[in-house]
Amino acid sequence: MGKGFFISKVVAVVCVVVAISAVATIIALSVVYAQEKSKNQETPATATTGTTAGPGTQTTTPSTPKEPWQHYRLPDSLSPISYNVTLWPRLTPNPDGLYIFSGYSTVLFTCVNETDLILIHSNKLNFTMFDGYHAQLKAVDGASAPQLKKSWLEVPTQYLVIQLSSPMQAGSTYELFTEFVGELADDLGGFYRSEYYEDGVRKILATTQMQPTDARKAFPCFDEPAMKAVFHMTLIHPHGTVALSNSMNYEPINITTPDGLNLIQTSFGPTEIMSTYLLAFVVCDFGFIQSDLGAEVLIRIWARRKAIDEGQGAYALEKTGPILSFFEKYYKIPYPLKKSDQIALPDFSAGAMENWGLITYRETALLYNPAVSSNGDKEWVATVISHELAHMWFGNLVTTRWWNDLWLNEGFATYVSYLGANYTEPDWNMSDLIVLNEIIGVMAVDALASSHPLSSKEADVMRPEDINALFDSITYSKHFIDMHQSKSFIICLQMYLEEFKYKNTVYQDLWKNLQTAVDNAGIQLPHSVEVIMNRWILQMGFPVVTIDTSTGKISQKHFLLNPDSVVDVPSEFNYEWFVPITWIKTGAAKDQYWLLTKEATNPDMTIGASEWLIANIDMKGFYRVNYDSENWDRILTKLSTQHQAIPVINRAQIIDDAFNLARAKIVSTTLALSTTRFLNAELEYMPWQTATRNLDYFVLMFDRSEVYGPMQGYINKKVTPLFKHFKDLTANWTKIPEKHTDQYNQVNALSWGCSTGVEGCKELTTAWFKEWMDNPDNNKISPNLRTTVYCSAIAEGGVVEWDFAWGMYRNATIASEAEKLLYALSCTKQPWLLNRYLEYCLVPEMIRKQDATFTINYIAGNPIGQPLAWDFIRANWDHIFNNYGGGSMSFGRLINGVTKRFSSEFEYKQLLQFKEDNINQLGSAASSLEQALERTKANMDWLALNKKLVFDWFTNEISGTV
């Protein structure tokens with residue numbers, strides 16, 4: 001699934017770049033803190049009549065399950081073969097004002113082990129009763145099936161339970177038929193509805209999001225990844241709409257219901273054998289564009305008709321074919337389907353979902369309009385498409401057995417998404433941007449003591465809320481950089497996919513194939529692949545490697561952002577790793593060195609008085625680096641006098657390592673700040689963006705204190721040359737820079753310039769915005785700069801500017817433009833406007849549910865809005881939790897975003913109180929709350945140590961005193 005920015009906690013992985021004998025890491029950590037909420041009740045008697053969801057039949061799973069239906073995992077007694085499912089979504093409300101769907105399903109399954117019990121997942125479905133039972137069972141091939149003895153809905157574990165009067169026979173095949181009704185709710189999960197307006201007309205569509213555990217909300221099914229089957233889908237829908245699913249459809253037919261409704265019935269060919277979470281179906285009146293007739297794979301881009309007519313799907317169509325072809329060659333396995341439909345949905349919780357043959361997207365992840373969308377929007381479309389297409393093989397064709405190995409699917413797909421995007425957009429240099437977009441950001445989360453090892457036991461990830469908690473930034477983002485450079489690794493991957501296609505795996509299966517590739521290539525590694533990997537996936541975190549260039553001594557220790565935090569998770573490896581160290585001495589590349597113990601000595605790493613040394617070249621390893629003070633001084637001198645002698649990624653790495661080492665009290669904060677002195681001469685995006693992210697922490701900590709003034713003065717001095725550079729490069733802001741990363745860095749120049757008072761910046765942005773206000777139909781602001789310009793102008797303005805932007809947001813027909821305005825509206829300095837904006841977040845007609853948590857976070861990013869947002873979510877948590885989904889993948893990010901400024905004892909106690917008040921309704925936000933508590937403590941300690949020191953340093957810098 002495409003990373004949407006909805007988070008919680010997982011992660012760790014490792015892969016080997018065997019061509020250069022280096023370990024490549026995709027590391028991630030998995031944590032589950034969600035609390036089970038349920039009340040003990042007796043197992044019910046069987047309902048005997050009517051259509052029922054089981055009132056009076058709900059039971060609660062005890063803490064120590066005794067009965068099979070009290071376990072969250074299915075037994076291994078039954079194995080599905082195929083489903084025949086017919087669904088009829090109603091796109092108008094019934095007399096009770098509810099949107100519903102009805103359907104019936106037949107699942108064909110084999111009895112693997114003799115049993116008198118059928119457990120099949122079902123959630124929020126009302127069943128038609130047959131002679132007092134929820135289903136009908138019959139044997140295939142003329143055999144007789146056991147009689148049903150009892151049936152009920154086990155709500156806590158989401159099962160339809162059917163007890164039989166005698167056992168089914170091992171090796172025999174049976175069919176289970178059910179008929180049911182469900183709500184076509186707007187909860188963004190299972191079979192749900194999405195609403196939008198087109199030309200003033202309100203329209204309803206029905207769509208799906210099954211991953212991870214919501215196929216059971218659409219029809220009864222064996223809803224686990226290993227329970228693969230073939231699906232035969234039929235959809236009944238109104239005239240004027242089209243039905244889509246994973247497979248190509250047969251010719252639709254007209255039907256008339258018993259009550260005289262004229263409808264369309266569309267049936268689809270059988271799917272490939274696949275997991276339930278990959279099933280998808282949509283009923284809508286969208287338009288589409290498609291690939292040329294006769295293409296080997298039919299590619300169609302679906303969206304709102306107006307979006308298609310405006311050409312917003314053209315870029316996606318242009319890039320999908322080449323990316324698909326790239327992966328066919330990369331994996332050496334043809335794409336197994338006849339078509340690849342991609343559809344942009346107005347309401348969608350994730351960024352995208354890799355449903356096999358029918359990929360669903362947020363509009364911002366698929367649609368692109370060059371007149372309105374920025375280069376960042378374009379990059380996002382390319383990388384998300386690439387991510388989802390990567391899953392067609394790694395995840396769909398070969399699927400992990402259980403969700404505890406989610407990191408393997410998502411971490412790999414995130415990595416190769418950059419390969420696909422780089423193939424189709426070679427000028428973007430995506431192999432460098434992966435460091436910024438993925439690696440650097442995720443290291444901060446992995447440096448917390450509240451992390452857990454990646455490789456969770458299956459038994460630790462059982463409940464739906466536990467599974468939802470795995471979908472976080474580390475799952476998607478922790479990985480290494482140069483896997484594709486290893487021919488042996490690619491061969492290994494191809495062998496793995498060929499061996500396990502249409503099957504399920506565990507992560508050790510990949511290691512075995514990788515070991516075979518290593519052996520066949522004659523590559524010498526210090527240990528076996530599995531032994532190397534275990535150090536990274538069976539223990540949390542990563543190391544900081546310290547190199548003393550006066551002696552050549554090298555050491556490692558577990559890096560913790562808060563060194564005073566207690567690590568209460570033991571490790572059989574004592575938090576030591578096998579670390580591949582790449583390094584340069586005075587610009588010359590040296591042989592890779594393996595650090596295999598806590599301490600070692602490499603005489604080659606001693607340097608002379610005129611030399612300098614940098615390790616972890618281009619950040620090809622997942623670790624931080626510290627040096628002796630003399631080498632730090634030499635690095636700082638080189639940055640100040642000849643910064644281009646250091647590779648650009650390492651200039652970014654030096655800044656990021658130094659700031660994080662300072663937060664961990666390993667180096668001084670003044671050393672970290674000193675790594676930014678050279679920025680007045682730096683024009684490249686990566687160092688500036690890394691500095692921006694790290695200085696953002698200082699902004700968070702100090703924007704409410706006296707430190708803020710001198711800090712702003714310092715940044716002003718550094719960014720002014722960059723601002724002038726882009727003013728000249730763009731002919732006074734009238735042209736777009738040619739280089740992809742220059743377009744990004746132009747935004748840094750403008751954003752920092754306006755926020756720190758660079759002469760002429762605010763006047764520029766407010767003038768552009770006013771020109772737009774005077775002529776709303778002609779927005780001349782460059783799409784790349786709109787987010788910054790809108791934010792700056794709204795911050796400087798008042799209610800008139802805010803109301804204008806709100807009106808433009810409400811009328812926006814392009815999702816990426818709406819998203820820019822949604823953020824910019826949070827920039828106002830008027831508390832009453834921010835409070836009004838917060839209230840809008842709970843009105844889906846004002847702000848879509850999919851955007852509500854992000855909007856609250858945007859407001860919390862404003863120092864004036866942060867306390868308002870915190871008060872708001874505390875006062876409304878019940879409503880948010882119950883109406884926006886306790887398992888929503890945005891909840892963890894909501895807690896992180898609203899609390900990131902917390903740095904006082906008072907705020908820490910408020911967090912503890914919030915935890916106590918809501919202990920049973922935190923859902924997927926539980927682990928993020930633990931992170932917030934840990935982070936707040938670290939912030940408190942850091943401020944106590946650094947506030948005066950930082951104030952003095954900035955003051956001296958702007959006064960010219962060193």
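- The name an unreviewed UniProt entry assigns to the protein chain is Aminopeptidase, from the organism Astatotilapia calliptera.
- Note on the protein chain: under the UniProt heading Sequence similarities (unreviewed entry), the record states "Belongs to the peptidase M1 family."
- Under the UniProt heading Subcellular location (unreviewed entry), the entry covering the protein chain gives this text: "Cell membrane".

## Description of the overall build of the protein chain
Next, step 1: Of regular secondary structure, the protein chain possesses 27 helices and 32 strands.
Next, step 2: Taking 962 residues into account, the globule formula puts the C-alpha radius of gyration at 30 Å, and the protein chain, at 28 Å, falls close to it.
Next, step 3: With the C-alpha coordinates of the protein chain rotated into their principal frame, the extents come out at 90 × 70 × 60 Å.
Next, step 4: Scored against the burial criterion, the 962 residues of the protein chain give a buried share of 63%.

## Focus on the environment of Phe 326
Next, step 1: Relative to the assigned elements, Phe 326 resides in helix H2 (residues 314–331).
Next, step 2: Taking the C-alpha atoms as reference, Phe 326 lies 19 Å from Ala 314; in sequence the two are 12 residues apart.
Next, step 3: Among all residues touching Phe 326, those that are not within four sequence positions of it are Leu 419, Gly 420 and Tyr 423.

## Details of the packing of helix H19 (residues 786–796) against helix H21 (residues 815–824)
In a packed pair of helices, the relevant descriptors are the angle between the two axes and the axis-to-axis distance.
Next, step 1: Remark: H19 packs on H21, axes separated minimally by 9 Å, with the N-to-C direction vectors making an angle of 30 degrees. The chirality of how H19 crosses H21 is right-handed. Residues Arg 786, Thr 787, Tyr 790, Cys 791 and Ile 794 of H19 pack against Glu 817, Lys 820, Leu 821, Tyr 823 and Ala 824 of H21.

## Side note on the sheet that holds strand E28 (residues 579–585)
Next, step 1: With antiparallel pairing, three strands are arranged side by side in an open sheet as E29-E28-E31. Since the sheet does not close on itself, it has two edges, and those belong to strand E29 (588–595) and strand E31 (613–615), each with one partner. Here the strands of the sheet are splayed against their neighbours by 25 degrees on average, with no regard to which way each runs.
Next, step 2: As judged from the six bridges shared by E28 and E29, these two strands associate in the antiparallel manner.

## Some details on helix H17 (residues 740–756)
Next, step 1: Taking 1.5 Å per residue, 17 residues should reach 24 Å; H17 reaches 25 Å between its end C-alpha atoms and fits that length.
Next, step 2: Burial runs high along H17: 14 of the 17 residues are buried.
Next, step 3: The positive-phi residue at the C-terminal boundary of H17 is Gly 757, with phi of around 80 degrees.

## Remarks on the side chain of Arg 935
Next, step 1: By the secondary structure assignment, Arg 935 is in helix H27 (residues 926–959).
Next, step 2: Although Arg 935 is buried, it forms no salt bridge, and the closest oppositely charged side chain is Glu 934 at an N-O distance of 8.4 Å.
Next, step 3: Among the polar contacts made by the side chain of Arg 935, one reaches the side chain of Asn 896 at a distance of 3.4 Å.
Next, step 4: When neighbours within four sequence positions are excluded, Arg 935 is seen to be in contact with Asn 896, Thr 899 and Lys 900.

## A few points about helix H15 (residues 685–702)
Next, step 1: Helix length check: H15 (18 residues) gives 25 Å between terminal C-alpha atoms against 26 Å at 1.5 Å per residue, within 8%.
Next, step 2: Counting buried residues in H15 gives 16 out of 18 residues, a clear majority hidden from the surface.

## Some points on the pattern of salt bridges
Next, step 1: Tallying each qualifying case throughout the model produces 40 salt bridges.
Next, step 2: Arg 786 is the partner of Glu 817 in a salt bridge, and the nearest nitrogen-oxygen pair spans 3.2 Å. Of this pair, Glu 817 sits in helix H21 while Arg 786 sits in helix H19, placing them 31 residues apart in sequence. For the pair Glu 817 and Arg 786, a shared accessibility class is recorded, and that class is buried.
Next, step 3: Residues Asp 803 and Arg 836 are paired through a salt bridge, measuring 2.7 Å at the closest nitrogen-oxygen approach.

## Remarks on the sheet that holds strand E22 (residues 352–353)
Strand-to-strand pairing in sheets goes through backbone hydrogen bonds, with the strands running parallel or antiparallel.
Next, step 1: Pairing within the open sheet is mixed, and its five strands lie in the order E19-E20-E21-E23-E22. Each edge of the open sheet is held by one strand with a lone partner, namely strand E19 (287–290) and E22.
Next, step 2: Where strand E20 (residues 298–303) meets strand E21 (residues 339–345), five bridges bridge the pair, whose relative direction is parallel. The partner of Ile 299 across the bridge, within E21, is Ser 340.
Next, step 3: Packing of helix H4 (residues 375–391) onto the sheet brings it into contact with E21, E22 and strand E23 (358–362), and relative to E23 it is tilted by some 150 degrees.

## Things to note about the nonpolar core
Next, step 1: Ranked by internal contacts, the top residues of the largest apolar core, which has 296 residues, are Phe 109, Tyr 330, Tyr 331, Trp 393, Ile 581 and Phe 698.
Next, step 2: Sorting elements by how many residues they give to this core places H15 first, with 11 residues.

## Brief notes about the pairing of strand E4 (residues 78–89)
Next, step 1: Counting buried residues in E4 gives nine out of 12 residues, a clear majority hidden from the surface.
Next, step 2: Bridge count for E4 against strand E5 (residues 100–111) is 11 bridges, and the pairing is antiparallel. Along E5, the bridge assignment pairs Ser 79 with Thr 110.
Next, step 3: Where E4 lies against strand E14 (residues 230–237), six bridges are found, and the strand directions are parallel. Paired with Val 85 across the bridge in E14 is Met 233.

## As for the UniProt feature "binding site: Zn(2+)" (unreviewed entry) in the protein chain
Next, step 1: Those residues carrying the UniProt feature "binding site: Zn(2+)" (unreviewed entry) are His 387, His 391 and Glu 410 in this numbering. What stands out for the annotated residues spanning 24 residues is how close their C-alpha atoms remain, the widest pair being 8.6 Å apart.
Next, step 2: One can find His 387 in helix H4.
Next, step 3: Residue His 387 is classed as buried on the basis of its relative accessible area, which comes to 4%.
Next, step 4: By the element assignment, His 391 lies in helix H4.
Next, step 5: Residue His 391 is classed as buried on the basis of its relative accessible area, which comes to 0%.

## A look at the packing of helix H23 (residues 849–860) against helix H24 (residues 865–883)
Next, step 1: At a minimum axis separation of 9 Å, H23 and H24 run at an interaxial angle of 160 degrees. The angle between the axes of H23 and H24 places the two elements in the roughly antiparallel class. In this structure, H23 meets H24 at a crossing whose hand is left-handed. Residues Lys 849, Ile 856, Ile 859 and Ala 860 of H23 lie in contact with H24, whose contacting residues are Gly 865, Gln 866, Ala 869, Phe 872, Ile 873 and Asn 883.
Next, step 2: When the residues that make up the contact of H23 with H24 are grouped by side-chain class, the tally is six nonpolar, three polar and one charged.

Cut-offs used in this document
Starting from 1, residues in each chain are numbered consecutively following that chain's sequence as written. With the structure being a predicted model, the display of local features is reserved for residues of pLDDT at least 70 and the display and counting of side-chain atom pairs for 80 or more, all residues being used for whole-chain, interface and lining totals. Remark: hydrogens and water are excluded; side-chain values derive from all non-hydrogen atoms of the structure. UniProt positions are given in the numbering used here, feature names are shortened, and annotations may be inferred rather than shown by experiment. A run of H or I in DSSP becomes a helix once it reaches four residues, and a run of E becomes a strand once it reaches two; helices and strands are each numbered from the N terminus. Radius of gyration here is computed from C-alpha atoms only, and the compact-globule reference equals 2.2 Å multiplied by the residue count raised to the power 0.38. Here's how the labels work: a residue is buried when its accessible area is under 20% of the maximum for its type, exposed when over 50%, partly exposed in between, all with a 1.4 Å probe on protein chains only. Whether two residues touch is decided by their heavy atoms; if any such pair falls within 4.5 Å, the residues are in contact. With axes taken as lines fitted to C-alpha atoms, and helix axes fitted only over the stretch in contact, angles between N-to-C directions fall between 0 and 180 degrees. For any helix crossing, the convention is left-handed if the near helix is rotated counterclockwise from the far helix by under a right angle, and right-handed if that rotation is clockwise. Pairs of strands are assigned from DSSP output, requiring at least two bridges between the strands. For a helix, the expected span equals 1.5 Å multiplied by the residue count minus one. Here the positive residues are Lys and Arg and the negative ones are Asp and Glu; neither His nor the chain ends is included. We define a salt bridge as a contact between a side-chain nitrogen of Lys or Arg and a carboxyl oxygen of Asp or Glu at a distance within 4 Å. Whenever two N or O atoms come within 3.5 Å, that pair is a polar contact, provided that in protein one can donate a hydrogen and the other can accept it, and provided that, for residues adjacent in sequence, both atoms are side-chain atoms. By nonpolar core is meant a set of buried Ala, Val, Leu, Ile, Met, Phe, Trp, Tyr and Cys residues that side-chain atoms within 4.5 Å join together. Comment on the angle field: the value is read as roughly parallel under 35 degrees, roughly antiparallel over 145, roughly perpendicular from 65 to 115, and oblique elsewhere. Gly falls in the polar group here, along with every residue not listed as nonpolar (Ala, Val, Leu, Ile, Met, Phe, Trp, Tyr, Cys, Pro) or charged (Asp, Glu, Lys, Arg).

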